[in-house]
Amino acid sequence: MEIFDKTMRPGTKPEDVLLSVEGLHKWFEIKRLGLFRVGDVKAVDGVDFQLARGESVTVVGESGCGKSTLARTILGLYGPTKGRIVFDGRVIDGTDKEALAWYRRHVGFVQQDPFGALPPFMTVQRILNEPLVINGVKDPEERQRRIRKALEDVRLMPVEDYLTKFPHQLSGGQQQRLVIARAIILEPKLIVADEPVSMLDASVRVEIMQLLGRLQQQYNISIIYITHDLSTVRYFSDRIFVMYGAKLIEKARTKELLKNPSHPYAQALMNAIPDPDPDNVDRFREVPGGEPPSLMNPPAGCRFHPRCPAAIKGVCDVQEPPHFERGEQHLVACWLYGEEHAEQTA
Ligand code: SF4
């Protein structure tokens, strides 16, 4: 496998790459009266990246930018319209059902709403037993061992206190721990976590983020963390991808991006992070002004140009910017970093 993602850690070898997302598109057809095609919602519109084993990336962007569709397409819940996913050397395109089933065994999913993700009439024991049975773990003792281990890993202890409980008897934080236990019980190589803490109380958010970070370290699991909230990335993210209008518009290592956000949209997102100091009356800063672009009729050129204070007339509204290198392992899709406009960022 070729390494094409220039934001990967230097020295990454092809065998270190777990996931390769190549030219991924997911469009949803819109029909009038259910009959006449009137267009497509281009929810993911040309996304490329690679992820190493044990690495974690955060995909950040406003709601409606396509990040949850990206998560679901990577999970194989939606078939891609174009492009492909290569996981551990195997192409996953939905046509090979055996490959898709194998892939799903190795990828865990942590959803936003833990209560909605859990079957209400099943006990914790049954919720964790089910994926083991479905995936052919025949020995009941082995299943019990793995159920206990998963509960201990997510700190739902003593285990006996939880096995007979139903989801509604757990707090929101405990429900999300159970969702994570279910996601890790088949020993996945990758977890996709879609806004895993956005519906939880602030008091338990940090605990859940730290738990994901600990599990990643302990089991060398790769994580794709989807969020609208840049303030939560520091717990375990190696790289950040900023998504806007169905595309990744900036990619860099976490420290570099937090220190040196370069795309005007990424800069606006950074400015919107609340200051943790409760004495600061301006702690809730401004979010980027204007509306996110329509994914059915996105603006021509750079999709951020109608909101961008630095837009260059006749350029940004006409041509789509490619990814320019902005230092090591840092790519930005913005004309300000092209050679011909470099003087405007000097
Ligand atoms: Fe703004 Fe132009 Fe850069 Fe887009 S390409 S972010 S409109 S300066």
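In short, a report on the structure. These figures come from a predicted structure and were not determined experimentally.

Section: the overall build of the protein
Part 1 of the reasoning: Counting its secondary structure elements, the protein contains 10 helices and 12 strands.
Part 2 of the reasoning: For 346 residues, the compact-globule estimate of 2.2 N^0.38 gives 20 Å, and the C-alpha radius of gyration of the protein, at 21 Å, lies within 12% of that figure.
Part 3 of the reasoning: Taken along its principal axes, the extent of the C-alpha atoms in the protein is 65 × 55 × 50 Å.
Part 4 of the reasoning: Taking all 346 residues of the protein together, the buried fraction comes to 51%.
Part 5 of the reasoning: For the protein, long-range pairs separated by at least 24 residues make up 64% of all intrachain contacts whose partners lie at least 6 apart in sequence.

Comments concerning helix α2 (residues 97-105)
Part 1 of the reasoning: Of the positions making up α2, those classed as buried are Ala99, Leu100, Trp102 and Tyr103. Down the axis of α2, the buried side of the element spans an arc of 160°, and every buried residue falls inside it.
Part 2 of the reasoning: Check the buried side of α2 and you find it contacts β1 (17-32), α1 (67-74), β4 (82-87), β5 (90-92) and β6 (107-110).
Part 3 of the reasoning: Where α2 begins, one side-chain oxygen reaches toward the backbone nitrogen of glutamate 98, 3.1 Å away; that side chain belongs to aspartate 96.

Description of the side chain of aspartate 45
Part 1 of the reasoning: Relative to the helices and strands, aspartate 45 is located in strand β2 (residues 36-52).
Part 2 of the reasoning: What makes aspartate 45 buried here is its relative accessible area of 7%.
Part 3 of the reasoning: When near neighbours in sequence (up to four residues on either side) are disregarded, aspartate 45 contacts Leu24, His25, Trp27, Ala246, Lys247 and Arg303.

Details of the nonpolar core
Part 1 of the reasoning: Of all hydrophobic cores here, the largest spans 39 residues; its most connected members are Leu128, Leu151, Leu178 and Ile180.
Part 2 of the reasoning: Within the residue set of this core, elements represented by two or more residues are α4 (124-134), α5 (140-153), α6 (160-163), α7 (172-184), β7 (190-194), α8 (202-219) and β8 (222-227).
Part 3 of the reasoning: Setting aside its immediate chain neighbours within four residues, isoleucine 180 contacts Val110, Val154, Ile208, Leu211, Leu212 and Leu215.
Part 4 of the reasoning: The next biggest cluster of nonpolar side chains, apart from the first, holds 31 residues, and it includes Leu19, Val59, Ile92 and Val192.

Reading guide: rules and limits
Residues numbered from 1 in each chain as written. Predicted model: local features only at pLDDT ≥ 70, side-chain atom pairs only at ≥ 80, totals over all residues. Heavy atoms only, no water. Helix = DSSP H or I, 4+ residues; strand = E, 2+ residues; numbered from the N terminus. Rg over C-alpha atoms; globule rule 2.2 N^0.38 Å. Buried < 20%, exposed > 50% of the residue type's maximum accessible area, 1.4 Å probe, protein only. Contact = heavy atoms within 4.5 Å. Arc of directions from axis to C-beta. Polar contact = N/O pair within 3.5 Å; in protein donor to acceptor, adjacent residues only side chain to side chain. Core = buried A, V, L, I, M, F, W, Y, C linked by side-chain atoms within 4.5 Å.

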